[in-house]
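Spelled out, the chains give:
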Amino acid sequence: MSATSDQDGFFYVCESSDDNFTCVESCVGLDACEMCGCATLEMDGGGPWGKFMDVFFGLLPIIVLVYVTVKKNPWPTTVSLPFAAFMLFMIRLMYYGSDVILTCGAIVLGLHEALSPITIIAGAMLLFETMEGTKCMPYMMREMKALTDGHPIA
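Predicted model, so just to flag it, every value in this text is computed and none were measured.

**Q** Can you walk me through the overall build of the chain in this structure?
**A** Counting its regular elements, the chain contains six helices and three strands. Along the chain direction, N to C, the helices and strands of the chain fall in the order β-β-α-α-β-α-α-α-α. In the chain, 28% of the contacts between residues at least 6 apart in sequence involve partners at least 24 apart. Total accessible area computed for the chain in this model is approximately 11,900 Å², and 69% of it derives from carbon and sulfur atoms.

Structure representation (structure tokens):
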């Protein structure tokens, strides 16, 4: 008999031989159960055709993206980047056999992670355009040159 636990959002099985329910009550999270050796989590990574094809299918969207971007009649990046992303999504679902909900969740997480640098760059562009529009850019450049003694790097 084994007990299941829902700590950290994972469902895993405690296979303790002495008392099946002590692990669930004493271990906090999957990492603790893995350390005491009472939990197993199936981690069958990779696709059905071996490690070489795993690498090939992992690199295929990047190779296709580079090819369609630098060929003689290139695709615009507004088409080629979403195509490569969709291709990677389909390979992840069909070849690697990933869970649909986890893969879609990873997409949402990636979008949230990409928002930070995008908003920083957009804020810098907005600041630059605002300084240009209010005609304070020459003043800022003059003050920066005076503050740095005309150093070319600063």
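What follows picks up the thread again.
**Q** Please explain the packing of helix 3 (residues 51–70) against helix 4 (residues 77–94) as it appears in this structure.
**A** A pair of packed helices is captured by two measures, namely the crossing angle of their axes and the spacing between those axes. In contact at an axis separation of 9 Å, helix 3 and helix 4 are set at 165° when each is read in the N-to-C sense. Relative to helix 4, the element helix 3 lies roughly antiparallel. Here helix 3 runs over helix 4; the crossing is right-handed. Residues Phe57, Leu60, Pro61, Val64, Leu65, Val68 and Thr69 of helix 3 form the contact with helix 4, whose own contacting residues are Ser80, Leu81, Phe83, Ala84, Met87, Leu88 and Ile91. Of the residues that constitute the contact of helix 3 with helix 4, the class distribution is 12 nonpolar, two polar and no charged.

**Q** Looking at this model, I keep getting lost on helix 4. Mind explaining?
**A** The end-to-end C-alpha distance of helix 4 is 25 Å, a good match for the 26 Å that 18 residues give at a rise of 1.5 Å each. For helix 4, the secondary structure elements touched by its buried residues are helix 3 and helix 5 (100–133).

Procedures and definitions
- Residues numbered from 1 in each chain as written.
- Predicted model: local features only at pLDDT ≥ 70, side-chain atom pairs only at ≥ 80, totals over all residues.
- Heavy atoms only, no water.
- Helix = DSSP H or I, 4+ residues; strand = E, 2+ residues; numbered from the N terminus.
- Contact = heavy atoms within 4.5 Å.
- Areas by Shrake-Rupley, 256 points an atom, 1.4 Å probe, with all protein chains shown as cover.
- Axes fitted to C-alpha atoms, helices over the stretch in contact; angles between N-to-C directions.
- Parallel < 35°, antiparallel > 145°, perpendicular 65-115°, else oblique.
- Left-handed = near helix turned anticlockwise from the far one by under 90°.
- Nonpolar A, V, L, I, M, F, W, Y, C, P; charged D, E, K, R; others polar.
- Expected span 1.5 Å × (residues − 1).

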